[in-house]
Amino acid sequence: MRRIFIAALMFLVATGAMAQQKPASKPAATSASSDILPFKATEKTLPNGLKVIVVPTGFPNIVSLQIPVKTGSRNEVEPGKSGFAHFFEHMMFRGTAKYPTAAYQDIITNAGARQNAYTTDDFTNYHITFAKEDLEKMLEIEADRFMNLRYSEEDFKTESRAVLGEYNKNSANPFSKLFEVQRDNAFTTHTYKHTTMGFLADIEEMPNQFDYSKTFFDRWYRPENTAIIIAGDVEPAKAIALVEKYWGSWKRGTYKVDIPQEPEPKGPKYAHVPWDTPTLPIVSVGFHGPAFSETNREMAAVNMLLDVYFGQTSDLYKKLVEQEQKVDVLFAFQPLNEDPSLITIGARLKNIDDALHVRQEILETVAKARAETLPEQRLAAAKSNARYGFARTLDNTDAIASTLARFVRYSRSYDTLNQIYRLFDALTPADLNAGARKWLTDNRMIVTTLSTQPMPAAMAQIPSLASVAPAAASGDDLRVLRQVSQLPQLNVKLLFEVGSAKDPNGKEGLAVLSASMVSDAGSKAMRIDEINKALYPMAGGFGSLVDKEMTTFTGSIHKDNAAKFFDIVLPQLLDPGYREEDFKRLKDLQLNSLRVNLRANNEEELGKERLQQVIFAGTRYAHPVLGTVAGIESITLDDVRSFVRDNYTRANLTIGVAGDASDATLARLKSELAALPAGGAKTADALEPFAIARPNGMKVDIIQKETRATAISFGHPIEVTRSHPDFVALTVARAWLGEHRTSMSHLYNRIREIRGMNYGDYAYIEAFPRGMFQFFPDPNIARRNQIFEVWIRHVAPENAHMALRIAVNELEKLIDAGLSAEDFEKSRGYLMKNVYVMTSTQNQQLGYALDSQWYGIPEYTKYMRDGLSRLTVDDVNRAVKKHLSAKNLHVVIITKDAEGLKQQLVSDAFSPIKYDATKPQELLDEDKVIGAKKLAIAAANVRITPVDEIFAK
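Calculation criteria
- Residues numbered from 1 in each chain as written.
- Predicted model: local features only at pLDDT ≥ 70, side-chain atom pairs only at ≥ 80, totals over all residues.
- Heavy atoms only, no water.
- Helix = DSSP H or I, 4+ residues; strand = E, 2+ residues; numbered from the N terminus.
- Rg over C-alpha atoms; globule rule 2.2 N^0.38 Å.
- Buried < 20%, exposed > 50% of the residue type's maximum accessible area, 1.4 Å probe, protein only.
- Contact = heavy atoms within 4.5 Å.
- Areas by Shrake-Rupley, 256 points an atom, 1.4 Å probe, with all protein chains shown as cover.
- Polar contact = N/O pair within 3.5 Å; in protein donor to acceptor, adjacent residues only side chain to side chain.
- Phe/Tyr/Trp six-rings, centres within 6.5 Å; stacked < 30°, edge-to-face > 60°.
- Lys NZ or Arg CZ within 6 Å of the ring centre and 35° of its normal.
- Pairing = 2+ DSSP bridges.
- Axes fitted to C-alpha atoms, helices over the stretch in contact; angles between N-to-C directions.
- Core = buried A, V, L, I, M, F, W, Y, C linked by side-chain atoms within 4.5 Å.
- Lys, Arg positive; Asp, Glu negative; His and termini not counted.
- Salt bridge = Lys/Arg side-chain N within 4 Å of Asp/Glu carboxyl O.

Enquirer: Honestly, the overall build of the chain in this entry has me stumped. Any pointers?
Expert: On a plain count of helices and strands, the chain comes out with 33 helices and 23 strands. The globule rule puts the C-alpha radius of gyration for 953 residues at 30 Å, and the 33 Å found for the chain is close to it. Along the longest, intermediate and shortest principal axes, the C-alpha atoms of the chain span 100 × 65 × 50 Å. Evaluated residue by residue, the chain yields a buried proportion of 58% over its 953 residues. Across the chain, the fraction of contacts at a sequence separation of at least 24, relative to all contacts at a separation of at least 6, is 84%. When the accessible area of the chain is evaluated, it comes to approximately 37700 Å², of which 52% is carbon and sulfur surface.

Enquirer: So what exactly am I meant to see when it comes to the environment of Glu76 here?
Expert: Tracing the backbone through its elements, the reader meets Glu76 in the loop between strand E4 (62-69) and helix H2 (84-91). For Glu76, the residues in contact, after removing those within four places along its chain, are Lys81, Ser82, Gly83, Phe84, Ala85, His86, Thr191, His194 and Phe216. A distance of 2.7 Å separates a polar side-chain atom of Glu76 from the backbone nitrogen of Ala85.

Enquirer: Is there a simple way to explain the packing of aromatic side chains in this structure?
Expert: Aromatic ring pairs are described here by two measures, namely the spacing of the ring centres and the angle between the planes. The final tally for this structure, using the stated rule, is 45 aromatic pairs. Pairing Tyr848 with Tyr860 gives two aromatic rings, centres 4.8 Å apart and planes at 35°, and the pair type is tilted. With Tyr848 in helix H29 (residues 842-855) and Tyr860 in helix H30 (residues 860-870), the pair connects residues that are 12 residues apart, well separated along the chain. Tyr860 carries the same exposure label as Tyr848, and that label is buried. When the ring centre of Tyr151 is taken as origin, the NZ or CZ atom of Lys214, which lies over that ring, is 4.0 Å away.

Enquirer: Would you mind showing me how to read the sheet that holds strand E17 (residues 653-659) here?
Expert: Whether parallel or antiparallel, the strands of a sheet pair through hydrogen bonds between backbone atoms. One open sheet holds the five strands; their spatial order is E13-E17-E14-E16-E15, and the pairing between them is mixed. This sheet does not close on itself; its edge strands, each paired only once, are strand E13 (479-484) and strand E15 (541-546). Sheet twist, expressed as the average angle between the axes of neighbouring strands with direction ignored, equals 15°. Helix-sheet contacts for helix H17 (residues 510-519) involve E15 and strand E16 (551-558), and the interaxial angle to E15 is about 175°.

Enquirer: Please explain the nonpolar core as it appears in this structure.
Expert: The nonpolar side chains of a soluble globular protein tend to be buried, and buried together. Ile712, Phe714, Phe788, Val876 and Val891 are the most contacted members of the largest nonpolar core, which totals 77 residues. Tallying contributions element by element places helix H27 (residues 800-817) first for this core, with 10 residues. If near-sequence neighbours (up to four positions away) are discounted, Phe788 is found in contact with Phe714, Gly715, His716, Ile718, Leu737, Ala763, Tyr764, Ile765, Leu811 and Leu884. By size, the runner-up hydrophobic cluster in this structure holds 74 residues, among which are Leu37, Val321, Leu394 and Leu423.

Enquirer: Hey, could you run me through the side chain of Glu609 in this one?
Expert: Tracing the backbone shows Glu609 in helix H21 (residues 603-615). Among buried Asp, Glu, Lys and Arg side chains, Glu609 stands out as unpaired, with Lys548 the closest opposite charge at 5.0 Å. Setting aside its immediate chain neighbours within four residues, Glu609 contacts Leu598, Pro624 and Phe951.

Enquirer: How do you make sense of the pairing of strand E10 (residues 327-333) when you look at a structure like this?
Expert: Here is the key point about a regular strand: its side chains alternate between the two faces of the sheet. Most of E10 sits inside the fold, with five of its seven residues counted as buried. Both E10 and strand E11 (residues 342-349) contribute to a ladder of six bridges, which runs antiparallel. In the sheet register, Val327 faces E11, and the bridge partner there is Leu349.

Enquirer: Help me understand the pattern of salt bridges in this model?
Expert: Note that side chains of opposite charge can pair when their charged atoms are close. Within this structure, the stated rule accounts for 67 salt bridges. Here Arg482 and Asp663 are joined by a salt bridge, their closest N and O atoms 3.0 Å apart. Taken together, the residues Arg482 in strand E13 and Asp663 in helix H24 (residues 663-673) connect sequence positions 181 residues apart. Measuring nitrogen to oxygen at the nearest pair gives 2.7 Å for the salt bridge that ties Arg755 to Glu926. You can see Arg755 sitting in the loop between helix H26 (746-753) and strand E20 (761-764) and its partner Glu926 sitting in helix H33 (residues 921-931), a full 171 residues away along the chain. For Arg755, a relative accessible area of 4% translates into the label buried.

Enquirer: What's the story with unusual backbone geometry in this structure? I'm lost.
Expert: Residues other than glycine predominantly adopt negative phi, and peptide bonds predominantly adopt the trans conformation. Between Gly267 and the following residue, Pro268, the backbone shows a cis peptide bond with an omega angle of 0°. For Pro268, the location among the structural elements is in the loop between helix H9 (236-247) and strand E8 (269-274). The phi dihedral of Ala539 is positive, around 50°, even though this residue is not glycine. Within the secondary structure, Ala539 sits in the loop between helix H18 (528-535) and E15. Residue Ala539 is classed as exposed on the basis of its relative accessible area of 60%. A positive phi angle is found at Arg770, which is not glycine, with a value near 60°. The residue Arg770 is located in the loop between E20 and strand E21 (786-795) in this model.

These results come straight from atomic positions and should not be treated as a statement about function.
Here it is, written out as C-alpha cells:
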C-alpha cells in the first residue's frame, strides 16, 4: 500500500485555506522547507476576477487542466431547488452554438484526452488531461462552454431524468443512504442537510425547473467563482496569455447569497435506516465538527486524531477488525467543508448482535481521546505518515493537478495546501486532546445505523461520554498465540515488531544493543550474574534475537519452575537495569562481533551480508543487523533507554506460548506485560515492500582481504515473500538449484561433486543469517523484502571466475529451459516431507506460527504442503522466468588479489580449470564452453573495497 489512512485521505480531499492572493503574475512562494509541494507556481488574477494558477510539474508532454467552480450543494439555499449544482456537472457537457455536443466530443476524442467532472458540497470541478500541444484548443473549447453553454428544454428534461437515475443508483448503496439519512437528521437549517445529489422530491420535480436552471447557471458560473489550474509540461507566461485570450471577456457576476447557519446542536440524536435487501449492518457515530480554517488548530487536530484513534494502525482497528473480527470495515473522516460539517466514525459489522458492543468500543475510544494525552512519538508517526503518504501520490501530472483543485477551491490560492501541512506539523498532543474535548461531545453526537434485521432496542439509548470511561491498560489488548501440548518444557516468545530497520541514522546497531541490554544485562533488582546463578538450578534460558523487522525474546523453562522464572526474567524487560558496566561490556561485544567475528573471521557470512547491503543500498535494510562500526560507537545508554521505551510496547508485541502452560501462567504473562507502554500502532506501510530495482547487467563488489580462498555470493531483489502467490513455486526451484547444506542440490552437483571445486553451493529466496553454522534458518526473521541469492562456498582463487561462470550458466539454463517434470516431482516430494523436519522442534513450531501470523498466511506446514500439492511444473517454470534473472545481478566476492580478479572479470578472458583426476570428455567439452561464456562485466561496474572499510559507517 502503500495505503493512506481514511482520515488522512479525507483531509487531503476536503481541506483548503483562506490564503492571501499573491500579486499577479509573480511566482507563488514555495521555498519554505515546510512546504509539502515541491513545485513553483505562477498565479494571476484577471481583471474579471478569474484566478489562473500555472504549475510546471516536470513531467513531459502532458498537461492537466482543472477548473474548480465555487458552487456546490452548499449554495442551494432556496426550498425545492436542491441538486442543481450536481445537475450542471451533467449539463456542462451539452455543448454550445459554436461547439455542439458531437463537435465538442470529437475534439476531445481526437486529442486522446481524458475528461470528467465531479460535484461536492462546496464546489464543482471540471478536469481534462491531454497532450501539451492541445493546450490552446482545450482552453478555447472550455472557455466557450463556460461562457456560452446552450441547452434546450428537451435536453434539460432528458438530463434531469439521468440525474434521477444516478440518485436511484446511489440509493442502492447502503453507505450512501446511511450518510444521506445522517445528514438529514443532523442538520435543521444549513444546506448540508441534503447531499450533493439533493432531496429526492427536488430531483423528481427537476424536469419542471427549466427556467430556474438558467438562473442558477447565470448566478454561479462566473469568473470570480472560478479558478483555472494548468499543470504539467507548460510555460507559465504562454499559458496565462492563452487564458487571457479565451477567458478574458467572461463577465463578472453580482449575485451574493447568505448561507443559513446551523444553530448549536442539541444532541445526542439517533436515526435508523431499515434496509430491504440483504446487507451487513452499519453503525456510525457522528459529531458536528468545525468548519475549515487554515489557522484553526482544533480543526487539524480533530482530523489527525481520527487517524490515530480510528485509522488502520489504531488499537480499535486491531481489536475490532483483526483480533475480534467483528467488523470488516472501520472508517473515520472529517469533510472539513467551508461551514461546519459532520465528523463520522463508523463500522460495518459481520453480525448485528455485535452492534451495541461496536458502538460501545467506538464511544470508549472517543472518551479515551478526550481523556488522554497522546505520546509524542505516536503523533510524530501520524504526521510523518500523512506527509510522506501525500508526497507519494504526487507521481504524475494528473494527480498533482487534481489534488491542487481540491485545495485551490477555497480561496483560489496555490499555497493553501502548504499552509495546511504547516498547521499539521505544528500540532501537539495537547491540541489533539483539546480538539476532542471541544468537538466530540454528547450534544454534538448523532448515531446512525442501517440494517436488514431490526437493531437492538438499546441502540436508541445513547450513553453519555462521561459515563464511558476509557479502558484501563490490561493484558486483554495483547495479541497471544498459544500452542497447547503435553510437553512440560514451556517455550515463551515475546515478539516485538521492531528490528534493525528502525535503527536511527548514525545509530546503526541500536536495535541489537537494546535487546542485549534487556536479555543480557539484568534488571534493576538483579544483576545479570545473579540472574544466571538463579536460573542455573532450574536450567532456564532467556535470550534475544534481532532481525530487520523483529526482535524476539525467547524463554525456555520447565512448567514446574514457571512462576519463579517469570519472577526473574520479566523484570529484565519491564524494569531493565541499564548499568553502565553492562552497557560497555555489551557494546564492546557487539563491536567485536562485527569487526572480528563477521568481518575478519567469517568470509562466507561477510559476503552474504555485503550482498544484502549493496542490494538494499539507500534503505533501512542496507546495514547489517549488527550495525556499523561508527553506528555502534555512537550509541549511548540514553539511546538504548529511548529505543526500549518507544518500541517495546503493547502495540508492537505478540506473545507466543508453547507447551503445557496453565491458564494461570498465561494470565500472569498478560497481566504483567500490560505494564508496557501502549505505544503507537504500526504505520500503514509496515508490511509493504519497498521498491528495489535490479542492476542493469552485472555489478561486482570485490572485498579485498588477506585470505587463501575466494568466497562468492550473488543475487538480486525479488518481490516474493512468504505471503506471495509464487513463494511455494520458487521454493521448489530454490530447493532444486541449491538446498542449503545438503547434497540434494543441482549447483552442489555441478560445482562440488563433478568438479571438486569447493565444499558446497546453495540458493535462497529468503534471508538465512548464520547459514554457515545451521542446517535450517531461525524462525522470527520475517522480512517484507527478500532477495534471491546463490552462495558459492570458498573456491581456489584461480577458479573464482570459472565458478561464477558455472553458477550463472546453470541459473540461466534453469530460467530458459525450466525444471523437467522428473526434477520437479523429486524436489516437490522432498519439500513435502522436509517441511516437517525444519519445523520439528517446539521452538521452530512456535516461531514459524508467529511468522505466519506476521505474514498473514496459514500455519506454515499446512500452507506449504497445500501449496505444493496444487503446484505444477509449469507453475514453477513460470515463476522462475518471472522472478529470477541470470543477467542482472549483484555479485560480491571476497579475495586476496582483488585487482587481478577484476581484470579477469572485465577482460572476459577464458577461464581454464585443472583437475587432479581424469574427467569425462563430455565435462571437459562443457568446461570449454562455460569457460568462454561472456559475462559482459564493465570496468565501471566493478568496485574494490578493503575489508576494513566494510560496514565501517
